[in-house]
Amino acid sequence: MVPVAGYFAWQWYTFNTFPKEARRPLRRAMMMHYYIHDPTGAVEEYTLAIAACRRAGLPDDSPEITGIMLRFAELHATHRNAFKEARELYLLVLHLLLHGMAPDKDEALRDTNRMQKIVGCAKAAGDASASLGDLDAARQAFEYAVRFMIGFRDPPPGPPVTDGMPDVGDQPSFIPDQVDPDQAGAGIATTIGPGGEKRAKLPDWVTPTDLGAALEALAGIYARQGRSELSLSVYLRTLEILQTDKSITGEAMACRTAIIQNNIADANIALATRRTPIDRPIVVRARKWAEQALASARKAGMETCAECTVVAECNLGSVALLLGDTKKAMDQFRACRDLAAELKFGDGVRAGRAGMQDVINAKTQIIS
């Protein structure tokens, strides 16, 4: 049953903003999407609603049609696991929104809703690409989102989708500012640089939360691609931006900080182990970040940040093993496994067990 308040809000939305012929199929689509959970029926009704809008003379880059397409894309991603179709729709809307931008730069910047939708489409396309395992496409999408927010106007990711839209060339590589990896929060990324130099202020429509989320996703893709140096640099920049985000406070801020600190520790471990011999100073640096992550997670509390505590324990185990302290490594991995088991956190249990086996294997190699 549809809640009464939700029903009337949904009726108002479809009645007041869409052509008459599109209202019924759109209402049916939203009912099937959000309440009945009939994705097959919702696909048919969304398709009919878009066709009705077009017959009524609305252009494809209109708020009505792009709005339906975004709901359609969301349906593909969340209810059908059809990530390829979701990505295609998100990129289609991104191109349409860009195509409909005002030619005057100042006027375009005043259309903050359009700008935020463009970034949202790029990020959603990146998420869909990551779910497909298409890491290069995910990288391009997240790079585009970041660069768009900081003022670059590169060709959008993905192929052109309709006639008259700009051609897409090779996506420029995103080169993050270099950050001292031994410094935590060595400046505010959006206003003051590590050496005290002033940076260009972000547009008013860009929030630290939005920029930080895109950077964190991009860093994660770099990590999955084995690009440890880039991943580390972007995670450090993400942490700086988080410290400027006034919308997050208290336990939530502590836990978000712990998550990023754990990622920085992971990036340092990956960077150290790719070198022969293992780079011990980088391992020591990873230990510092893992210790900070554990402290931040404990500050947030187990109710808020339990899984992050498990990850920090495992990272400390990995660091101890790399430094040759097998006793400490075993203690850390056991703590990781036991806490994860208490939380019913399967990935943590597996990581703890794998780490303990790595310690046993390392001891065997020493004896032999």
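Described below are features of the structure shown in this document. Fair warning: this is a prediction, and the values are worked out from it, not measured in the lab. (Residues numbered from 1 in each chain as written. Predicted model: local features only at pLDDT ≥ 70, side-chain atom pairs only at ≥ 80, totals over all residues. Heavy atoms only, no water.)

Attention shifts here to the overall build of the protein chain. Of the regular secondary structure elements, the protein chain holds 15 helices and 0 strands. For the protein chain, the proportion of its 368 residues judged to be buried stands at 48%. Accessible surface for the protein chain amounts to roughly 18200 Å². Of this, 54% is attributable to carbon and sulfur atoms. (Helix = DSSP H or I, 4+ residues; strand = E, 2+ residues; numbered from the N terminus. Buried < 20%, exposed > 50% of the residue type's maximum accessible area, 1.4 Å probe, protein only. Areas by Shrake-Rupley, 256 points an atom, 1.4 Å probe, with all protein chains shown as cover.)

Attention now moves to helix α9 (residues 208-224). With 17 residues, α9 extends 24 Å from end C-alpha to end C-alpha; this agrees with the ideal 24 Å at 1.5 Å per step. All buried positions along α9 are accounted for by Leu211, Gly212, Ala214, Leu215, Glu216, Leu218, Ala219, Gly220, Ile221 and Tyr222. Taken together, the buried residues of α9 touch α7 (112-132), α8 (135-149), α10 (228-242) and α11 (250-273). Gly226 lies just past α9 and shows a positive phi near 80°. (Expected span 1.5 Å × (residues − 1). Contact = heavy atoms within 4.5 Å.)

Overall, the coordinates contain 2 disulfides when judged by the stated rule. Here Cys255 pairs with Cys305 through a disulfide, and the sulfurs are 2.2 Å apart. Judged by the sign of its S-S torsion, about 85°, the cystine formed by Cys255 and Cys305 is right-handed. Highlighted residues: Cys255 in helix α11 and Cys305 in helix α13 (residues 302-322), separated in sequence by 50 residues. Of the two residues, Cys255 and Cys305, neither departs from the other in class, the shared state being buried. Covalent S-S linkage joins Cys314 and Cys336, the inter-sulfur distance amounting to 2.1 Å. (Disulfide = S-S within 2.5 Å.)

Okay, unusual backbone geometry next. Omega for the peptide link from Thr276 to Pro277 comes to -5°, which places this bond in the cis form. Of note, Pro277 is situated in the loop between α11 and α12 (280-300). Unusually for a residue other than glycine, His37 sits at a positive phi of about 60°. Among the secondary structure elements, His37 is positioned in the loop between α2 (20-36) and α3 (39-55). Residues other than glycine seldom take positive phi values, yet Lys344 does so here, at roughly 60°. Along the chain, Lys344 falls in the loop between α14 (326-343) and α15 (346-367).

Per the counting criterion, the structure on display carries 3 aromatic pairs. Ring pairing ties together the aromatic residues Tyr144, Phe148 and Trp205, which thus form one cluster. In this structure, Arg147 is placed above the aromatic ring of Phe152, and the distance from its NZ or CZ to the ring centre is 3.9 Å. Sitting over the ring of Phe148, Arg153 keeps its end group 3.8 Å from the ring centre. (Phe/Tyr/Trp six-rings, centres within 6.5 Å; stacked < 30°, edge-to-face > 60°. Lys NZ or Arg CZ within 6 Å of the ring centre and 35° of its normal.)

Moving on, we come to the nonpolar core. Ranked by size, the top nonpolar core spans 85 residues in total, and within it Tyr46, Ile68, Met69, Leu211 and Ile264 carry the most contacts. Residue contacts for Met69: discarding those within four places in its chain leaves Ile50, Arg54, Leu89, Leu92, Val93 and Leu96. Ranked by size, the runner-up nonpolar core spans 13 residues in total, among them Cys336, Ala340, Phe345 and Met356. (Core = buried A, V, L, I, M, F, W, Y, C linked by side-chain atoms within 4.5 Å.)

With that out of the way, let us pick up α2. With 17 residues, α2 extends 23 Å from end C-alpha to end C-alpha; this agrees with the ideal 24 Å at 1.5 Å per step. Looking only at α2, the buried set comprises Ala22, Arg23, Pro25, Leu26, Arg27, Ala29, Met30, Met32 and His33. Positive backbone phi, approximately 60°, marks His37, located one or two places after α2.

Turning our eyes to something else, we now look at the pattern of salt bridges. Tallied over the entire structure, the rule returns 17 salt bridges. Of the charged contacts, one joins Glu216 and Arg256 as a salt bridge, the two residues approaching to 2.3 Å between their closest N and O atoms. Of this pair, Glu216 sits in helix α9 while Arg256 sits in helix α11, and the two are 40 residues apart along the sequence. On the basis of relative accessible area, Glu216 is assigned to the buried category, the value being 16%. We note a salt bridge from Asp279 to Arg275, for which the minimum N-O separation is 3.0 Å. Here the residues in one salt-bridge network are Asp136, Arg139 and Glu143, joined through shared partners. (Salt bridge = Lys/Arg side-chain N within 4 Å of Asp/Glu carboxyl O.)

Bringing the packing of α7 against α8 into the picture now. Between α7 and α8, the least distance of the axes is 7 Å, while the angle of their chain directions is 160°. What the angle tells us is that α7 and α8 run roughly antiparallel. Here α7 and α8 pass one another in a crossing that is left-handed. In this structure, α7 uses Met115, Ile118, Val119, Ala122, Lys123, Ala125, Gly126, Asp127, Ser129 and Ala130 to contact α8, whose residues at the interface are Ala137, Ala138, Ala141, Phe142, Tyr144, Ala145, Phe148 and Met149. Residues belonging to the contact of α7 with α8 are distributed by class as follows: 14 nonpolar, 2 polar and 2 charged. (Axes fitted to C-alpha atoms, helices over the stretch in contact; angles between N-to-C directions. Parallel < 35°, antiparallel > 145°, perpendicular 65-115°, else oblique. Left-handed = near helix turned anticlockwise from the far one by under 90°. Nonpolar A, V, L, I, M, F, W, Y, C, P; charged D, E, K, R; others polar.)

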